[in-house]
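Residues per chain, in single letters:
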Amino acid sequence: MTQFRPKYITFDCYGTLTNFQMAEAARDLYCDEVDEERMQQFVKDFAAYRLDEILGEWKPYSEVVHNAIERTCKKNRVRFHEEDARKVYEKVPTWGPHPDVPAGLATVAKEIPLVILSNAMNEQIHSNVEKLGAPFHAVYTAQQAQAYKPRLRAFEYMLDQLNAGPEDILHVSSSFRYDLMSAHDLGIKNKIWVNRGHEPANPYYGYTEIKGISGLAGALGL
(Lines give C-alpha, C1' and ligand atoms only; values in the text may rest on other atoms or scores of the structure.)
Protein backbone atom coordinates (compact mmCIF):
# COMPACT_ATOMS: atom_id res chain seq x y z
CA MET A 1 0.00 0.00 0.00
CA THR A 2 2.84 2.42 0.78
CA GLN A 3 3.91 2.24 -2.89
CA PHE A 4 0.51 3.40 -4.16
CA ARG A 5 -0.38 7.08 -4.52
CA PRO A 6 -4.08 7.34 -5.41
CA LYS A 7 -5.61 10.27 -7.26
CA TYR A 8 -8.41 10.17 -4.71
CA ILE A 9 -9.14 8.44 -1.44
CA THR A 10 -12.82 7.53 -1.40
CA PHE A 11 -14.67 6.79 1.81
CA ASP A 12 -17.83 5.24 3.09
CA CYS A 13 -19.23 7.71 5.61
CA TYR A 14 -21.70 6.11 8.04
CA GLY A 15 -19.96 3.56 10.21
CA THR A 16 -16.51 4.24 8.79
CA LEU A 17 -16.18 7.96 9.52
CA THR A 18 -19.44 8.88 11.25
CA ASN A 19 -20.42 6.89 14.32
CA PHE A 20 -23.44 5.09 12.88
CA GLN A 21 -26.01 4.67 15.65
CA MET A 22 -29.00 2.92 14.08
CA ALA A 23 -28.88 0.10 16.63
CA GLU A 24 -28.81 2.58 19.52
CA ALA A 25 -31.74 4.50 18.00
CA ALA A 26 -33.77 1.30 17.77
CA ARG A 27 -32.88 0.35 21.34
CA ASP A 28 -34.00 3.75 22.63
CA LEU A 29 -37.34 3.54 20.84
CA TYR A 30 -38.25 -0.04 21.69
CA CYS A 31 -36.56 -0.68 25.04
CA ASP A 32 -39.95 -0.64 26.80
CA GLU A 33 -41.44 -3.20 24.40
CA VAL A 34 -38.50 -5.51 23.73
CA ASP A 35 -36.42 -7.03 26.53
CA GLU A 36 -32.64 -7.13 26.29
CA GLU A 37 -32.47 -10.78 25.25
CA ARG A 38 -34.84 -10.19 22.32
CA MET A 39 -33.33 -6.78 21.54
CA GLN A 40 -30.14 -8.32 20.21
CA GLN A 41 -32.15 -10.08 17.52
CA PHE A 42 -34.32 -7.02 16.97
CA VAL A 43 -31.37 -4.79 16.02
CA LYS A 44 -29.90 -7.55 13.84
CA ASP A 45 -33.19 -7.80 11.98
CA PHE A 46 -33.30 -4.02 11.58
CA ALA A 47 -29.84 -4.07 9.99
CA ALA A 48 -30.76 -6.95 7.67
CA TYR A 49 -33.96 -5.29 6.50
CA ARG A 50 -32.16 -2.00 5.82
CA LEU A 51 -29.79 -3.84 3.53
CA ASP A 52 -32.63 -5.67 1.83
CA GLU A 53 -34.54 -2.43 1.25
CA ILE A 54 -31.71 -0.77 -0.71
CA LEU A 55 -30.97 -3.58 -3.15
CA GLY A 56 -33.67 -2.65 -5.64
CA GLU A 57 -34.43 0.60 -7.40
CA TRP A 58 -33.60 3.77 -5.51
CA LYS A 59 -36.10 5.25 -3.09
CA PRO A 60 -35.71 7.95 -0.44
CA TYR A 61 -33.84 6.86 2.66
CA SER A 62 -36.80 7.83 4.81
CA GLU A 63 -38.71 5.02 3.08
CA VAL A 64 -35.82 2.62 3.62
CA VAL A 65 -35.86 3.31 7.35
CA HIS A 66 -39.65 3.22 7.55
CA ASN A 67 -39.95 -0.11 5.75
CA ALA A 68 -37.06 -1.69 7.65
CA ILE A 69 -38.49 -0.76 11.04
CA GLU A 70 -41.99 -1.87 10.03
CA ARG A 71 -40.71 -5.25 8.84
CA THR A 72 -38.58 -5.65 11.97
CA CYS A 73 -41.57 -4.95 14.18
CA LYS A 74 -43.72 -7.40 12.25
CA LYS A 75 -41.14 -10.17 12.56
CA ASN A 76 -40.72 -9.55 16.27
CA ARG A 77 -44.43 -9.00 16.95
CA VAL A 78 -43.98 -5.45 18.16
CA ARG A 79 -46.37 -2.60 17.43
CA PHE A 80 -45.12 -0.29 14.67
CA HIS A 81 -45.71 3.46 14.71
CA GLU A 82 -44.86 5.64 11.72
CA GLU A 83 -43.50 8.37 13.95
CA ASP A 84 -40.82 5.96 15.21
CA ALA A 85 -39.37 5.67 11.71
CA ARG A 86 -39.35 9.44 11.33
CA LYS A 87 -37.55 9.84 14.67
CA VAL A 88 -34.78 7.45 13.56
CA TYR A 89 -34.40 9.14 10.19
CA GLU A 90 -34.14 12.58 11.78
CA LYS A 91 -31.37 11.44 14.12
CA VAL A 92 -28.96 10.69 11.26
CA PRO A 93 -27.70 14.27 10.64
CA THR A 94 -26.94 14.70 14.36
CA TRP A 95 -24.34 11.95 14.48
CA GLY A 96 -20.68 12.90 14.76
CA PRO A 97 -17.41 11.16 13.87
CA HIS A 98 -15.56 8.35 15.60
CA PRO A 99 -12.87 9.89 17.86
CA ASP A 100 -9.99 8.82 15.58
CA VAL A 101 -11.45 10.46 12.46
CA PRO A 102 -10.82 14.24 12.50
CA ALA A 103 -7.08 14.15 13.11
CA GLY A 104 -6.57 11.14 10.85
CA LEU A 105 -8.41 12.75 7.96
CA ALA A 106 -6.72 16.12 8.41
CA THR A 107 -3.29 14.53 8.03
CA VAL A 108 -4.15 12.74 4.79
CA ALA A 109 -6.16 15.63 3.31
CA LYS A 110 -2.97 17.67 3.09
CA GLU A 111 -1.62 15.20 0.53
CA ILE A 112 -4.50 13.56 -1.36
CA PRO A 113 -8.05 14.72 -2.23
CA LEU A 114 -10.75 13.07 -0.13
CA VAL A 115 -14.13 11.92 -1.48
CA ILE A 116 -17.22 10.45 0.19
CA LEU A 117 -19.68 8.01 -1.39
CA SER A 118 -22.54 7.58 1.04
CA ASN A 119 -25.90 5.86 1.26
CA ALA A 120 -27.48 9.14 2.23
CA MET A 121 -29.92 11.79 1.18
CA ASN A 122 -28.56 15.19 0.21
CA GLU A 123 -30.42 16.76 3.16
CA GLN A 124 -28.64 14.47 5.63
CA ILE A 125 -25.04 14.11 4.64
CA HIS A 126 -23.66 17.64 4.79
CA SER A 127 -24.35 18.00 8.50
CA ASN A 128 -22.40 14.80 9.14
CA VAL A 129 -19.53 15.83 6.85
CA GLU A 130 -19.18 19.20 8.57
CA LYS A 131 -18.52 17.36 11.82
CA LEU A 132 -15.64 15.33 10.34
CA GLY A 133 -13.18 18.21 10.63
CA ALA A 134 -11.43 17.87 7.26
CA PRO A 135 -11.92 19.25 3.73
CA PHE A 136 -13.48 17.00 1.10
CA HIS A 137 -12.99 17.32 -2.64
CA ALA A 138 -16.46 15.88 -3.29
CA VAL A 139 -19.38 14.24 -1.49
CA TYR A 140 -21.64 11.92 -3.49
CA THR A 141 -24.91 10.48 -2.24
CA ALA A 142 -27.16 7.60 -3.16
CA GLN A 143 -29.77 10.21 -4.01
CA GLN A 144 -27.47 11.69 -6.66
CA ALA A 145 -26.47 8.27 -8.00
CA GLN A 146 -30.06 6.99 -7.79
CA ALA A 147 -28.58 3.80 -6.34
CA TYR A 148 -27.41 2.62 -2.94
CA LYS A 149 -24.25 0.71 -2.21
CA PRO A 150 -23.58 -2.22 -2.53
CA ARG A 151 -25.01 -1.75 -6.03
CA LEU A 152 -22.22 -1.24 -8.54
CA ARG A 153 -24.18 1.61 -10.08
CA ALA A 154 -23.41 3.77 -7.05
CA PHE A 155 -19.68 3.26 -7.43
CA GLU A 156 -19.85 3.78 -11.18
CA TYR A 157 -21.58 7.12 -10.62
CA MET A 158 -18.74 8.24 -8.35
CA LEU A 159 -16.05 7.15 -10.79
CA ASP A 160 -17.82 8.92 -13.65
CA GLN A 161 -18.08 12.14 -11.66
CA LEU A 162 -14.38 11.96 -10.78
CA ASN A 163 -13.41 11.03 -14.35
CA ALA A 164 -11.43 8.23 -12.75
CA GLY A 165 -11.02 4.49 -13.11
CA PRO A 166 -10.84 1.73 -10.51
CA GLU A 167 -7.06 1.91 -10.69
CA ASP A 168 -7.04 5.58 -9.64
CA ILE A 169 -8.61 5.35 -6.21
CA LEU A 170 -8.12 3.91 -2.75
CA HIS A 171 -11.46 2.98 -1.20
CA VAL A 172 -11.82 2.98 2.58
CA SER A 173 -14.66 1.33 4.49
CA SER A 174 -15.54 -0.58 7.63
CA SER A 175 -18.01 -2.78 5.70
CA PHE A 176 -17.46 -5.67 3.31
CA ARG A 177 -21.14 -6.12 2.44
CA TYR A 178 -21.78 -2.48 1.55
CA ASP A 179 -18.43 -1.45 0.09
CA LEU A 180 -15.43 -3.70 -0.15
CA MET A 181 -17.10 -6.62 -1.95
CA SER A 182 -18.48 -4.27 -4.59
CA ALA A 183 -15.15 -2.46 -4.88
CA HIS A 184 -13.50 -5.83 -5.45
CA ASP A 185 -16.01 -6.75 -8.14
CA LEU A 186 -15.37 -3.44 -9.94
CA GLY A 187 -11.63 -4.02 -9.98
CA ILE A 188 -10.70 -1.51 -7.29
CA LYS A 189 -7.55 -3.25 -6.10
CA ASN A 190 -6.50 -0.73 -3.48
CA LYS A 191 -8.79 -1.00 -0.49
CA ILE A 192 -8.56 -0.37 3.23
CA TRP A 193 -10.74 -2.07 5.78
CA VAL A 194 -11.27 -0.06 8.95
CA ASN A 195 -11.88 -2.77 11.50
CA ARG A 196 -14.56 -1.32 13.74
CA GLY A 197 -15.94 -4.71 14.69
CA HIS A 198 -18.95 -4.53 12.38
CA GLU A 199 -18.04 -7.62 10.37
CA PRO A 200 -15.44 -10.41 10.50
CA ALA A 201 -12.29 -10.22 8.42
CA ASN A 202 -12.49 -11.65 4.90
CA PRO A 203 -9.02 -11.75 3.30
CA TYR A 204 -10.43 -12.97 -0.03
CA TYR A 205 -11.30 -9.39 -0.93
CA GLY A 206 -7.74 -8.09 -0.70
CA TYR A 207 -7.26 -5.06 1.56
CA THR A 208 -5.02 -3.41 4.10
CA GLU A 209 -6.47 -3.48 7.61
CA ILE A 210 -6.33 -0.53 9.99
CA LYS A 211 -7.98 -0.11 13.38
CA GLY A 212 -9.01 3.50 12.83
CA ILE A 213 -8.55 6.44 10.49
CA SER A 214 -5.51 7.43 12.56
CA GLY A 215 -3.75 4.55 10.81
CA LEU A 216 -4.53 5.72 7.28
CA ALA A 217 -1.52 7.98 6.82
CA GLY A 218 0.83 5.20 7.90
CA ALA A 219 -0.76 2.75 5.50
CA LEU A 220 -0.04 5.20 2.68
CA GLY A 221 3.48 5.96 3.84
CA LEU A 222 2.67 9.61 4.48
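Quantities reported herein were computed from a predicted structural model and do not represent experimental measurements.

### Describing the overall build of the protein chain
When helices and strands are tallied, the protein chain shows 10 helices and six strands. A globule of 222 residues ought to have a C-alpha radius of gyration of about 17 Å, and the protein chain, at 17 Å, matches this closely. Considered along the principal axes of its C-alpha atoms, the protein chain spans approximately 55 × 35 × 30 Å. Nonlocal contacts in the protein chain, meaning residues at least 24 apart in sequence, comprise 63% of its contacts between residues at least 6 apart.

### A closer look at the pairing of strand 5 (residues 191–194)
Across the two faces of strand 5 the burial is the same, with Lys191 and Trp193 and Ile192 and Val194 all buried. Relative to strand 5, strand 4 (residues 169–173) runs parallel, the two being bridged by three bridges. Bridging across to strand 5, His171 finds its partner in Lys191.

### Re the environment of Ala201
Mapped onto the elements, Ala201 comes out in the loop between strand 5 and strand 6 (208–210). Judged by relative accessible area, which is 46%, Ala201 ranks as partly exposed. On a C-alpha basis, the gap between Ala201 and Lys110 in space is 30 Å, while along the polypeptide they are 91 residues apart. Those residues in contact with Ala201, other than ones at most four positions away along the chain, are Phe176, Trp193 and Tyr207.

### Quick look at the packing of aromatic side chains
Across all of its chains, the model carries 12 aromatic pairs by this definition. Ring geometry for Tyr14 against Phe20: centres 6.0 Å apart, planes inclined by 40°, an arrangement best described as tilted. The class of Tyr14 is buried, set by a relative accessible area of 11%. Consider the rings of Phe176 and Tyr205, whose centres lie 6.4 Å apart with planes at 45°: the pair is tilted. One end of the pair, Phe176, is in helix 9 (residues 176–185); the other, Tyr205, is in the loop between strand 5 and strand 6, and 29 residues separate them in sequence. Judged by relative accessible area, Tyr205 falls into the buried class, the value being 15%. Across the ring face of Phe46, the terminal group of Arg50 is positioned such that the distance to the ring centre comes to 4.5 Å.

### Considering the packing of helix 3 (residues 61–76) against helix 4 (residues 82–91)
Across the interface, helix 3 lies against helix 4 with an axial gap of 9 Å and an inter-helix angle of 130°. As the angle between them shows, helix 3 and helix 4 are arranged oblique. In this structure, the crossing between helix 3 and helix 4 has a hand that is right-handed. Side by side, helix 3 and helix 4 meet where Tyr61, Ser62, Val65, His66 and Ile69 of the first sit next to Glu82, Asp84, Ala85, Arg86, Val88 and Tyr89 of the second.

### What about helix 4?
Among all positions in helix 4, only Asp84, Ala85, Val88 and Tyr89 are buried. Down the axis of helix 4, the smallest arc covering the buried residues is 135°, so these residues share one side. On its buried face, helix 4 is in contact with helix 1 (22–30), helix 2 (36–53), helix 3 and helix 6 (122–130).

### Side note on the state of the cysteines
For the structure shown, the criterion picks out zero disulfides. With no disulfide of its own, Cys31 has Cys73 as its nearest cysteine by sulfur position, at a separation of 13 Å. Assessed through its relative accessible area of 0%, Cys73 is described here as buried.

Quick notes on the rules
- Residues numbered from 1 in each chain as written.
- Predicted model: local features only at pLDDT ≥ 70, side-chain atom pairs only at ≥ 80, totals over all residues.
- Heavy atoms only, no water.
- Helix = DSSP H or I, 4+ residues; strand = E, 2+ residues; numbered from the N terminus.
- Rg over C-alpha atoms; globule rule 2.2 N^0.38 Å.
- Contact = heavy atoms within 4.5 Å.
- Buried < 20%, exposed > 50% of the residue type's maximum accessible area, 1.4 Å probe, protein only.
- Pairing = 2+ DSSP bridges.
- Phe/Tyr/Trp six-rings, centres within 6.5 Å; stacked < 30°, edge-to-face > 60°.
- Lys NZ or Arg CZ within 6 Å of the ring centre and 35° of its normal.
- Axes fitted to C-alpha atoms, helices over the stretch in contact; angles between N-to-C directions.
- Parallel < 35°, antiparallel > 145°, perpendicular 65-115°, else oblique.
- Left-handed = near helix turned anticlockwise from the far one by under 90°.
- Arc of directions from axis to C-beta.
- Disulfide = S-S within 2.5 Å.

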